[in-house]
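# Structural description and commentary
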Amino acid sequence: MTVVLNDLAKHVNGRVIGDAQCEINGVGTLEGAQFGQIAFLANPKYRKHLKNTNASAVIIKEADKQNCPVNAIVVDDPYVAYAVIAACLNPIAPCIPGIHPSAVISDLAKIHALAWIGPQCVVEDNAIIGAGAIIGPGCLIGKHSTVGEGSRLDAHVTIWHDTQIGKRTLIHPGVVIGSDGFGIAKQKNHEWIKVPQLGRVCIGDDVEIGANTTIDRGALDDTVIMSGVKIDNLVQIGHNAYIGEHTAIAACTAIAGSAKIGKNCKIAGAVGIAGHLKIADNVTITAMSMVNKSIIEPGVYSSGTLLEKNNTWRKNAVRIKQLDIIARKVIKQE
Amino acid sequence: MTVVLNDLAKHVNGRVIGDAQCEINGVGTLEGAQFGQIAFLANPKYRKHLKNTNASAVIIKEADKQNCPVNAIVVDDPYVAYAVIAACLNPIAPCIPGIHPSAVISDLAKIHALAWIGPQCVVEDNAIIGAGAIIGPGCLIGKHSTVGEGSRLDAHVTIWHDTQIGKRTLIHPGVVIGSDGFGIAKQKNHEWIKVPQLGRVCIGDDVEIGANTTIDRGALDDTVIMSGVKIDNLVQIGHNAYIGEHTAIAACTAIAGSAKIGKNCKIAGAVGIAGHLKIADNVTITAMSMVNKSIIEPGVYSSGTLLEKNNTWRKNAVRIKQLDIIARKVIKQE
Amino acid sequence: MTVVLNDLAKHVNGRVIGDAQCEINGVGTLEGAQFGQIAFLANPKYRKHLKNTNASAVIIKEADKQNCPVNAIVVDDPYVAYAVIAACLNPIAPCIPGIHPSAVISDLAKIHALAWIGPQCVVEDNAIIGAGAIIGPGCLIGKHSTVGEGSRLDAHVTIWHDTQIGKRTLIHPGVVIGSDGFGIAKQKNHEWIKVPQLGRVCIGDDVEIGANTTIDRGALDDTVIMSGVKIDNLVQIGHNAYIGEHTAIAACTAIAGSAKIGKNCKIAGAVGIAGHLKIADNVTITAMSMVNKSIIEPGVYSSGTLLEKNNTWRKNAVRIKQLDIIARKVIKQE
């Protein structure tokens, strides 16, 4: 799609510097963009590429306009503006309604006339699929589950029974939602007995869930993912967890059962969050941290140790095991 | 299903306090349960909710009976009793035998007349499916694999060739069993050569395997999961690992090849266990621990560092890299 | 398949000691091998089993020949030689070309006459499948994606649109390639806006990708996995990552976006690698390490703490939070 620079600028409340009628047909990086493409400068790491860019225009902050050798759109937040402009230049194909003949659809399912059900899908009894929803190849929509208007399940997604999915939610391939939580009780004879998992998973609007992520159904009450939450790949969310609005969770993070996470949190990759604790709103947790008690104040939290050459790491790691003794010596010496 | 309190109590060898004929039709939490439901008090964190519960009855320990405002079943272990009662009130739908017409079944497969094969499944040559087994939508049962009596594969499960699965085993969506182990050998020219993975995966009875977990086949001998083992979501089990009876493994744990783990162990989430080592029976490993040598005694083991505010973490993390030097100074000062 | 020892030795440039005409029909471990099988001794941990082996022959180094009680093939690298011989004795079934009638194939897809498309597959518009490629049950090949000659996708693999896969690449069940990267931008109102993910995933020749691993498409440029890379199960590779030739990555490792990893690296399991950094060639990273800055020199790198009994770990973990203060005291005392 081709759009003139001025029209793109209007979409993002930006100010054009240079040729407002310049035609833009795509996006690119500062380094890779070609004639006709628009790039952006958000991360200062890449500022060095601005002066040599071949882009036809660049989305920049006010502070960078002096150094921009080409047309520009000046905005407060170039990354957000880039997201809007990239979506504008690369519109998602609209939903072409229908049901692929290879899909297996229960007579009791309610599929909106404007939804699409792809090949090799299974839609079970009493499932409800909203208008404009796209159920990609090989997905399963279990009994009594609902997929809201305009939501998209890319492929091979498993929505187990009684799951609620809101509107405009995007679920990537291989995701499993509504599998049993890990509820087991130890009997006297050492054998585990399964605790029935009777709750549901309820997912809000405008949520995104990354590939092969798993979200367990509640044991009694529901597991809840509020609207605007963004979840990356291979994340585990245990039974009865609650994730507040607009919280983002990066890949490979594990959230144990009954953890309650606030709004607007940023949880980096490979973090572990223990069960039955609370995390306040506006908390940031850095990568690979272990969260084993509640966090009551907003802020940035971390754990873990820094990378070292293996030979020095070995020496220091052994000393950590002696640290309480070392500390007592230091205190005594005082 | 509705059951009178007295009958539920008999199932769990419990003693009724209050109205033994009270009708119970479901389970709930102390906080959320309504009239007709039974709740339980196991975790002392939730004791505060006992006095205001709207449940018709509560499963409690002897010590809590004074403070229970409603009917009660008194037992030694309320959580185990709850598991039994919840299963009793929420029976799993029985297997309705048959083969969905969309399933692709080899003529050489042996499927018991009392098994169910769901839509979009594939069952390959010489696979054997036992009585009462439920193979949910989109599962693959590879060549020469066996699924025992009463086992259930929920959906999109991949059972690769020559895999043995016992009786009453429950496998959640997206699980992959029998994929090749990570066997590669470095050649002089720096290229890796694949080491053929010729063993199998053998899984016992009453095992549970969580969503998107992967269990690799053995390189030469088999990977073995003994009866009663419970595995959560997104767990990785490498080739030739051995997991002893009734061991439980929480989500996102990675177990490397040829690790031998004992009976009745409790392995928390996101633990890493190195290859070619042994862990004794009755070992507990706390979350996110790194196990890089054998554990020969029962007990509780841990590694990792505690969460801090990011600014103090940074200072302390730098000091860890100096710790051997600091320790030497302390020793010298003595 | 049965091969005489002498012929096996020729395959690996080895020297036979003993009966060169001895017939070998399979492989086994030193402990488990039976008459007719060949074993190998590579890991010194298993040397103790050499003297009692029932194998008909053993692949060994020169140094072990004195202690070998049976026929032997002497080579420089017994593990590499074993890999070659095991493959020779256990040839992979050849591709029997065809398209299973249950597969859903676009009229616009180009499938080579010598490829196999298994049951329940979906091949979308303009996908290209090369000669000898095997697309196992339940796979999806998205629009404009290419699978090269002789590549094999075992089962339930999702190849999302515009993905390039080279020759002889092996992809295990449940893998997702080409899902959107985790690109989101925070707006002033705290809501995230999705950043369109417009790049591709390009995978070279002779790559192996383990079960349930996820590889995200690039945001603008491509995510690149070079030839000869070997990736284990449940690995996450973020958008625009680059993995150099012959690098091996063990299970549960997470590689964030735009990380550039060199050639011939060995990355152990459950490692976390932050985004926008570079790792040199020939770097080894030990298990569960956190890599949060670039590594410019070859070598072995580590982070993390060692396993302890939980009661001592608790004491030491608390002291880590005081470490900067302790260190200052030590320096002051000097």
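No experiment lies behind these values; they were computed from the predicted model shown. (Residues numbered from 1 in each chain as written. Chains lettered and ligands numbered in written order. Predicted model: local features only at pLDDT ≥ 70, side-chain atom pairs only at ≥ 80, totals over all residues. Heavy atoms only, no water.)

### Side note on the overall build of chain A
Scanning chain A for helices and strands turns up four helices and 40 strands. Reported as C-alpha extents along the three principal axes, the dimensions of chain A are approximately 75 × 75 × 35 Å. Going through the 334 residues of chain A one by one, you find that 60% of them count as buried. Contacts in chain A between residues far apart in sequence, at least 24 positions, make up 18% of those at least 6 positions apart. On chain A, roughly 13000 Å² of surface is accessible, and the fraction owed to carbon and sulfur atoms is 53%. Positive and negative side-chain charges of chain A, numbering 32 and 29 respectively, have mean locations separated by a distance of 11 Å. (Helix = DSSP H or I, 4+ residues; strand = E, 2+ residues; numbered from the N terminus. Buried < 20%, exposed > 50% of the residue type's maximum accessible area, 1.4 Å probe, protein only. Contact = heavy atoms within 4.5 Å. Areas by Shrake-Rupley, 256 points an atom, 1.4 Å probe, with all protein chains shown as cover. Lys, Arg positive; Asp, Glu negative; His and termini not counted. Charge placed at Lys NZ, Arg CZ, Asp CG, Glu CD.)

### Regarding the state of the cysteines
All names here are of chain A. As enumerated under the stated definition, the model contains zero disulfides over all chains in all. The thiol of C121 is unpaired, and the distance to the nearest cysteine sulfur, on C139, comes to 4.9 Å. Classification of C121 as buried rests on a relative accessible area of 0%. (Disulfide = S-S within 2.5 Å.)

### Some words on the relation of the copies chain B and chain A
Expressed as a screw transformation, the operator carrying chain B onto chain A has a rotation angle of 120° and an axial translation of 0.0 Å, and the superposed copies differ by an RMSD of 0.0 Å. As the rotation angle and translation indicate, the two copies are arranged about a three-fold axis. (Least-squares fit on C-alpha atoms with pLDDT ≥ 70 in both.)

### Topic: the interface of chain C and chain A
Residue-level contacts link 76 residues of chain C with 70 residues of chain A. Where chain C abuts chain A, roughly 5800 Å² becomes buried across the two surfaces, and 65% of that area is made up of carbon and sulfur atoms. Viewed at the interface, chain A and chain C are joined by five salt bridges. In this structure, the salt-bridge partner of E334 of chain A is K329 of chain C, at a minimum N-O distance of 3.5 Å. Our enumeration of links across chain C and chain A arrives at 28 residue pairs in polar contact (both at pLDDT 80 or more). If you list the elements that add at least two residues to the side of chain C that touches chain A, you get β21 (176-179), β22 (184-186), β23 (192-194), β26 (214-216), β38 (290-291), β39 (299-302), α3 (310-320) and α4 (323-333) of chain C. Here the side of chain C that touches chain A is built from residues that sort into 37 nonpolar, 25 polar and 14 charged. As judged from the two bridges shared by strand β40 (residues 308-309) of chain A and β39 of chain C, these two strands associate in the antiparallel manner. The residue bridging K309 of chain A from the neighbouring strand is Y301 of chain C, located in β39 of chain C. (Buried area = accessible area lost by both parts, 1.4 Å probe. Salt bridge = Lys/Arg side-chain N within 4 Å of Asp/Glu carboxyl O. Polar contact = N/O pair within 3.5 Å; in protein donor to acceptor, adjacent residues only side chain to side chain. Nonpolar A, V, L, I, M, F, W, Y, C, P; charged D, E, K, R; others polar. Pairing = 2+ DSSP bridges.)

### With respect to the packing of aromatic side chains
All told, the structure shown has six aromatic pairs over all chains when counted by the stated rule. Among the aromatic side chains, those forming a connected cluster through ring pairs are F40, Y79 and Y82 of chain A. (Phe/Tyr/Trp six-rings, centres within 6.5 Å; stacked < 30°, edge-to-face > 60°.)

### Some words on a positive patch on the surface
A surface patch of like charges, here positive, comprises K45 and K48 of chain A together with K260 and K278 of chain C. Take K48 of chain A: it is sitting in the loop between β5 (37-40) and β6 (57-60). (Patch = residues over 30% accessible without salt bridge, like charges linked within 9 Å, V, L, I, M, F, W, Y side chains within 5 Å.)

### Remarks on the packing of helix α4 (residues 323-333) of chain A against α4 of chain C
Packing of α4 of chain A against α4 of chain C leaves a shortest axis separation of 10 Å and a crossing angle of 45°. Taken together, the axes of α4 of chain A and α4 of chain C lie oblique to each other. Of the two elements, α4 of chain A crosses α4 of chain C, and the hand of that crossing is left-handed. Every residue of α4 of chain C that contacts α4 of chain A at L323, A327, V330 and Q333 of chain A is listed here: L323, I326, K329, V330 and Q333 of chain C. (Axes fitted to C-alpha atoms, helices over the stretch in contact; angles between N-to-C directions. Parallel < 35°, antiparallel > 145°, perpendicular 65-115°, else oblique. Left-handed = near helix turned anticlockwise from the far one by under 90°.)

### A word on the environment of V271 of chain A
Position of V271 of chain A among the secondary structure elements: in the loop between β34 (266-267) and β35 (272-273). Residues V271 of chain A and I203 of chain A, spaced 68 residues apart in sequence, show a C-alpha to C-alpha distance of 22 Å. Leaving out residues up to four positions away in the same chain, V271 of chain A has contacts with C252, T253, A254, I285, T286, A287, M288, S289 and V291 of chain A together with M288 of chain B.

### Considerations on the sheet that holds strand β30 (residues 242-243) of chain A
Residues and elements named next belong to chain A. An order of β10-β13-β16-β19-β24-β27-β30-β33-β36 is seen for the nine strands of this open sheet, with the pairing classed as parallel. Every interior strand has two partners, whereas the edge strands, β10 (110-111) and β36 (278-279), have only one. The pairing of strand β16 (residues 146-147) with strand β19 (residues 164-165) spans two bridges and is parallel. Residue pairing for β19: T146 is matched across the bridge by Q164.

### What to know about the domain arrangement of chain A
Put simply, an interface is often sized by how much accessible area is lost when its parts join up. Parsing chain A into structural domains produces domain 1 (3-89), domain 2 (98-301) and domain 3 (310-334). A separation of 53 Å is found between the C-alpha centroids of domain 1 of chain A and domain 3 of chain A. (Domains from an automatic or database assignment.)

### Focus on the pattern of salt bridges
If the charged atoms of two oppositely charged side chains come close together, the side chains can form a pair. Tallying each qualifying case throughout the model produces 41 salt bridges over all chains. Of the charged contacts, one joins R15 of chain B and E62 of chain B as a salt bridge, the two residues approaching to 2.8 Å between their closest N and O atoms. In this pair, R15 of chain B is assigned in strand β2 (residues 15-17) and E62 of chain B in the loop between β6 (57-60) and β7 (71-74), connecting sequence segments 47 residues apart. In this structure R15 of chain B comes out as partly exposed when scored by relative accessible area, which is 40%. Measuring nitrogen to oxygen at the nearest pair gives 2.9 Å for the salt bridge that ties R47 of chain C to D64 of chain C. Of this pair, R47 of chain C sits in the loop between β5 (37-40) and β6 (57-60) while D64 of chain C sits in the loop between β6 and β7 (71-74), placing them 17 residues apart in sequence.

### Focus on helix α2 (residues 78-89) of chain C
In this model, α2 of chain C (twelve residues) spans 16 Å end to end at C-alpha, consistent with the 16 Å of a helix rising 1.5 Å per residue. Buried within α2 of chain C are the following residues: P78, V80, A81, Y82, A83, I85, A86, C88 and L89 of chain C. (Expected span 1.5 Å × (residues − 1).)

### So, the interface of chain B and chain A
Counting from both sides, the interface comprises 72 residues of chain B and, opposite them, 76 residues of chain A. When chain B packs against chain A, the two sides together hide about 5800 Å² of surface, and 65% of this comes from carbon and sulfur. Linking chain B to chain A there are five salt bridges. We note a salt bridge from K188 of chain A to D76 of chain B, for which the minimum N-O separation is 3.2 Å. Linking chain B to chain A there are 29 residue pairs in polar contact (both at pLDDT 80 or more). Its residues assigned to classes, the side of chain B that touches chain A comprises 36 nonpolar, 21 polar and 15 charged.

### As for the pairing of β6 of chain B
Residue and element names in this part refer to chain B. Going residue by residue along β6, you find A57 and I59 tucked away on one face and V58 and I60 tucked away on the opposite face as well. Here three bridges tie strand β5 (residues 37-40) to β6, and the two strands are oriented parallel to one another. Bridge pairing links F40 to I59 in β6. In terms of strand pairing, β6 meets β7 through four bridges, oriented parallel. Of the residues in β7, the one forming a bridge with I60 is V74.

### Structural notes on unusual backbone geometry
All names here are of chain C. Despite not being glycine, H156 shows a phi value in the positive range, around 50°. Inspection of the secondary structure puts H156 in the loop between β17 (152-153) and β18 (158-159). Residue H190 is not a glycine yet carries a positive backbone phi of 75°. Inspection of the secondary structure puts H190 in the loop between β22 and β23. Its relative accessible area of 39% is what places H190 among the partly exposed residues.

### A look at the sheet that holds strand β17 (residues 152-153) of chain B
Read from one edge to the other, the open sheet built from twelve strands follows the order β8(B)-β11(B)-β14(B)-β17(B)-β20(B)-β25(B)-β28(B)-β31(B)-β34(B)-β37(B)-β39(B)-β40(C), with strand pairing classed as mixed. The sheet is open, and its two borders are formed by β8 (98-99) of chain B together with β40 (308-309) of chain C, each paired with just one other strand.

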